[in-house]
Amino acid sequence: MIVNKKESRLLHDGSKLIVESLVQSGADIFIGYPITPANLLYLYSHKRFPTFIAAPDEITTLQWMCGFATTGKIPVTATSFPGFALMLESVNMALMMELPMVVVLVQRLGPATGTATCGSQGDLALLNGGISGGFSLPTISISKMEDCWTMSNKALKMAVELRSPVILLTSKEEVMTQASFDIAGLPLLKPIKNNYYSGKAIYQPYKPGKNLVPEFLAVSNKNHQVRITASTHNQDGIIQGTTAAGMDNTKRLESKIINNLDKFTFYEYNKQEGAEKLLIAYGITAAASREAIKTLRENGEKVSLLIPKTLLPVPPIYIEIIEKYQKVVIAEENLGGQYRKILFGVYGNNKVKGVNGIAKLITPSEIMEEISR
Amino acid sequence: MNKFLTDTALPFCKGCGHSQVAQYTEKALQNLNYDPMDVVMVTDIGCHGIIDKSFTTHTVHGLHGRSVALGSGVSAGLNNPNKKVIVFIGDGGATIGMQHLIDAAHNGFNMTVLIHNNMLYGMTGGQPSEFTPFGFKTPTLPEGAKEAGYDICKLIAAAGASYVSRVMGIGDFSAQLTEAFSKKGFSLVEVMEICPSYGVKSNPGMKLSKLVEEAGLEIKVFADNKNSFYQTEIKENRKSLFSKEDAIPTKYENKLKKPLRFMLCGSAGEGTQVAAEFLLKAGMLSGLHATKKGSYPVTVGVGFSAAEIILSPDEILYTGSPNPDVVCVTSQDGLDYARNTIRNMSGGKLLIDSSLEIPETKAEVSAFPFREKVGIRNSSIYSIFYYLKNSELIPIDSLVDVFNESKISKKLDIAKMLDF
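Residues numbered from 1 in each chain as written. Chains lettered and ligands numbered in written order. Predicted model: local features only at pLDDT ≥ 70, side-chain atom pairs only at ≥ 80, totals over all residues. Heavy atoms only, no water.

Looking only at helices and strands, chain B has 15 helices and 15 strands in total. Across its three principal directions, the C-alpha atoms of chain B cover 90 × 50 × 35 Å. Out of the 420 residues belonging to chain B, those deemed buried represent 57%. Considering only residue pairs separated by 6 or more positions, chain B has 66% of its internal contacts joining residues 24 or more positions apart. As displayed, chain B has an accessible area near 17500 Å², and 50% of this comes from carbon and sulfur atoms. Separation between the mean location of the 42 positive side-chain charges and that of the 44 negative ones in chain B comes to 0 Å. (Helix = DSSP H or I, 4+ residues; strand = E, 2+ residues; numbered from the N terminus. Buried < 20%, exposed > 50% of the residue type's maximum accessible area, 1.4 Å probe, protein only. Contact = heavy atoms within 4.5 Å. Areas by Shrake-Rupley, 256 points an atom, 1.4 Å probe, with all protein chains shown as cover. Lys, Arg positive; Asp, Glu negative; His and termini not counted. Charge placed at Lys NZ, Arg CZ, Asp CG, Glu CD.)

Pasting the structure below:
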């Protein structure tokens, strides 16, 4: 039996697609410090990015990225939890400075150094609370091979258009598993550019522009003074205490993300008519969920599937979808259900159940068992 | 007339040396005829960091202790020796960001760092830093420092800076700043100051010059030996990671009716991952969907090496293999790794090297001397040939094709792989 006659199938891993997509989307530079299981991203970036710099640690990585971003470059890095923990203060800085960048976070088993070679979905709670003050750190997840291409592009687009760091969330198996994959169907990508200020008036680096996003100027420009700062500041980039001008700007950082979220809301909703049960899964567990849904439906069970790709901030459409169901099952490879708690709180909800575990992939049968219960 | 500073008063306490650093920076930049729009001032947290609003240049204000790393990124991003990146940092920030200083000097980033060393943390109440000299008292260290502070100039000169000097923050030191700003690559000037709010009060009657002398901190140029600098390499139009030559077109037919989950377990250095990739490619040549998950310890050159392979006529959604159909074991490491999986098999096949003990299992067992027949280095690849030959699910010719296109074919005779 010949099932696939296509001539354009390659053997790929997700890392290769992510790097190629980010470069074609306009990323200029990869700065990185090696860490398992993000090493393939580092390796491919070394071969593919116009500029590649090896940093001496993860704090330096993010600081260099911010420095490059002030000059108009669009930087990327890839890391795992131990490295990301070191980056976090600087990610806060990038968010406050409104510098675009993508951090590919490849999840592995923690706590601490944990097991470097074991995948996980354990970092979402950290991302949800990672910006001091409850601000949103946009987080986009990869849930299948095509997403390595399309979601990497969307993450970069979101970073540049909203002038914010964006996390591209993956896990070990998603970036390291090799798979036969046909690249012929992938959409062509265009480089995404900073939105430069071209006015004659004095440039105000944090003046809200279209959709609350300030227009950009690099510190290399000769015509306007550019002030960039991580401390509370007004529209001119002058440090403030808790003045009205300072707070207006700080609150805008959140409004900017929330007001534009609909343009960057990505998900798959596989709805089955008459279904009263909804399965939610993201990232690596989406694969097991797709298989579970297929088998359940073959067995006559009615169940819908929601695969959120924009994980944070939570798009309101997910709540609208969830409200239509009597039973909701959320499958994640972590203890306690991190996305479940983000959606429903610690108090939970009688209609919501979790399928959770660590140190191994959640299996389709574990998911089917909970749905059929 | 000021060109780089605004005309408003500087924001520092009366008698603070930080004001002199700002004023002599103005003078030095004027000496060198810089345009304010060609200068980027990078500052961080500490009293010195509130200077931003007083400068007419571009300004970037970051996290405590990170301004040198941030400035390094700005400098490498500008990638233009005609632009001037100046980093202001305190002794507290230099303590936190010591590695950034060493690293920037080592790389030769085009920038000048001015350390405002007043020997304590002025913004948070006068705590000691690693630069606090022996015997110097601060509000939280009334007994005085028990150890000498860092000699940052010696450290940074040793790290490879183009220019390093230490100056007293009293009197006109604009000539030394002019010298530092004029250098290509990484330059650093440490300005010795005393904090009028905490340093003077905790050390009444102490003279800065005497203190510096007693601390053995020499006022001199420590390095002035090169003008080389970091240049950011930009390689446009690099080759795509996708290559048409890597495409694997369907050439053969297969007999697979349902997914085959195959687990290959061997030892590092015995070709397990390569063998698994061969099976994947053979499957693709035979029109199948294919996935492979590799498992091995972080020390990739020792211990087990395993791969979970799925070949399927249908799209593969879930790539895990909790219950493999076939487990193929070629070494003791591989057996140790797969023992539980083998024990839990309720059917399927176990291929195992004849030299190994056969574990308890409900799988159908075939033992074969893979290691003895072709040597340990080739045993994994050989086991794949053996499996395809006997299973006939996909044509062995597909594997022969993959083998012949690989580098291994130059070192290993295919006939050996087909001799059972």
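Anyway, onward from the coordinates.
A few words on the interface of chain B and chain A. At the junction of the two partners, chain B supplies 75 residues and chain A supplies 76 residues. Applying the counting criterion to the chain B and chain A interface returns four salt bridges. Of the charged contacts, one joins Glu 291 of chain A and Arg 261 of chain B as a salt bridge, the two residues approaching to 3.7 Å between their closest N and O atoms. Viewed at the interface, chain A and chain B are joined by 35 residue pairs in polar contact (both at pLDDT 80 or more). Sorting the residues of the side of chain B that touches chain A by element identifies β2 (58-61), α2 (67-78), α4 (98-107), α9 (272-285) and β11 (289-295) of chain B as the ones contributing at least two each. (Salt bridge = Lys/Arg side-chain N within 4 Å of Asp/Glu carboxyl O. Polar contact = N/O pair within 3.5 Å; in protein donor to acceptor, adjacent residues only side chain to side chain.)

Our next topic: the environment of Tyr 196 of chain A. With respect to the helices, strands and loops of the structure, Tyr 196 of chain A is situated in the loop between β9 (178-182) and β10 (227-229). Expressed as a C-alpha distance, the spacing of Tyr 196 of chain A and Ala 218 of chain A, which sit 22 residues apart in the sequence, is 8.5 Å.

That bond from Thr 36 of chain A to Pro 37 of chain A is cis: its omega, 10°, falls within 30 degrees of zero. Tracing the backbone shows Pro 37 of chain A in the loop between β2 (29-32) and α2 (39-48). One non-glycine residue, Asn 33 of chain B, lies in positive phi territory at about 60°. Among the secondary structure elements, Asn 33 of chain B is positioned in the loop between α1 (18-31) and β1 (39-43).

Bringing the domain arrangement of chain A into the picture now. Residues and elements named next belong to chain A. Taken as a whole, chain A is organised into domain 1 (9-185), domain 2 (210-262) and domain 3 (266-372). The gap between the C-alpha centroids of domain 1 and domain 3 is 25 Å. Between domain 1 and domain 3, the buried area comes to about 2000 Å², and carbon and sulfur atoms account for 61% of it. On the domain 1 side of the interface with domain 3, the three residues burying the most area are Gln 121, Leu 124 and Ser 143, jointly 34% of the side's total. Taken together, the connections running from domain 1 to domain 3 amount to two salt bridges. Asp 147 serves as the salt-bridge partner of Lys 309, at 2.9 Å between the closest nitrogen and oxygen. For the pair domain 1 and domain 3, the number of links is 16 residue pairs in polar contact (both at pLDDT 80 or more). (Domains from an automatic or database assignment. Buried area = accessible area lost by both parts, 1.4 Å probe.)

A few words now on the pairing of strand β6 (residues 115-119) of chain A. All names here are of chain A. In the sheet, strand β5 (residues 101-109) pairs with β6 via two bridges, with the strands oriented antiparallel. The residue bridging Leu 109 from the neighbouring strand is Thr 115, located in β6. The turn joining β5 and β6, which pair antiparallel and follow one another in sequence, is formed by five residues; a positive phi near 55° is taken by Ala 112. (Pairing = 2+ DSSP bridges.)

Taken domain by domain, chain B holds domain 1 (18-224) and domain 2 (247-417). Taking the mean C-alpha position of each, domain 1 of chain B and domain 2 of chain B sit 61 Å from one another.

Before going further, it helps to examine the sheet that holds strand β10 (residues 260-267) of chain B. On the basis of which strands lie adjacent, the open sheet formed by eight strands has the order β1(A)-β9(A)-β11(B)-β12(B)-β10(B)-β13(B)-β14(B)-β15(B) and mixed pairing. Strands with a single pairing partner mark the edges of an open sheet, and in this sheet they are β1 (9-13) of chain A together with β15 (364-368) of chain B. Across the sheet, the axes of successive neighbouring strands diverge by a mean angle of 20°, strand direction being ignored. Here strand β14 (residues 349-353) of chain B pairs with β15 of chain B via five bridges, running parallel. Its bridge partner being in β15 of chain B, Leu 350 of chain B is matched across the sheet by Val 365 of chain B. (Axes fitted to C-alpha atoms, helices over the stretch in contact; angles between N-to-C directions.)

Across the sheet, eight strands lie side by side as β10(A)-β2(B)-β1(B)-β3(B)-β4(B)-β8(B)-β7(B)-β9(B); this open sheet has mixed pairing. On the outer flanks of this sheet lie β10 of chain A together with β9 (221-224) of chain B, each paired with one strand and no other. Shown here is a sheet whose adjacent strand axes are inclined to one another by a mean of 15°, direction ignored. Inspection of the sheet shows β1 of chain B paired to strand β3 (residues 84-90) of chain B by four bridges, in the parallel sense. The partner of Met 41 of chain B across the bridge, within β3 of chain B, is Ile 86 of chain B.

Attention shifts here to the nonpolar core. Most often, soluble globular proteins keep nonpolar side chains buried together rather than apart. Formed by 89 residues in total, the largest nonpolar core has its most connected members in Phe 84 of chain A together with Leu 101, Val 113 and Phe 186 of chain B. Counting residues per element, this core draws most heavily on helix α4 (residues 81-97) of chain A, which supplies nine residues. When near neighbours in sequence (up to four residues on either side) are disregarded, Phe 186 of chain B contacts Leu 101, Ala 104, Ala 105, Gly 108, Phe 109, Met 111, Val 113, Ile 156, Ala 161, Ser 162 and Tyr 163 of chain B. Ranked by size, the runner-up nonpolar core spans 46 residues in total, among them Phe 30, Ala 38, Leu 168 and Val 175 of chain A. (Core = buried A, V, L, I, M, F, W, Y, C linked by side-chain atoms within 4.5 Å.)

Let's shift gears to the state of the cysteines. Disulfides are covalent bonds that connect the sulfur atoms of two cysteines. Applying the stated criterion across every chain yields a total of zero disulfides over all chains. Note on Cys 328 of chain B: no disulfide assigned, nearest cysteine sulfur contributed by Cys 265 of chain B at a separation of 8.0 Å. (Disulfide = S-S within 2.5 Å.)

Another aspect to go through is the side chain of Ser 289 of chain A. Within the secondary structure, Ser 289 of chain A is located in helix α9 (residues 284-298). Residue classification places Ser 289 of chain A among the buried positions, given a relative accessible area of 0%.

Residues and elements named next belong to chain A. At their nearest, the axes of helix α1 (residues 14-24) and α2 sit 9 Å apart, and the two run at 40° to each other. Of the possible angle classes, the one that applies to α1 and α2 is oblique. You can see that α1 and α2 cross each other, and the crossing is right-handed. Counted together, Ser 15, Lys 16, Ile 18, Val 19, Glu 20, Val 23 and Gln 24 of α1 and Leu 40, Leu 41, Tyr 44, Ser 45 and Arg 48 of α2 form the full contact between these two elements. Classifying every residue of the contact of α1 with α2 by side-chain character gives six nonpolar, three polar and three charged. (Parallel < 35°, antiparallel > 145°, perpendicular 65-115°, else oblique. Left-handed = near helix turned anticlockwise from the far one by under 90°. Nonpolar A, V, L, I, M, F, W, Y, C, P; charged D, E, K, R; others polar.)

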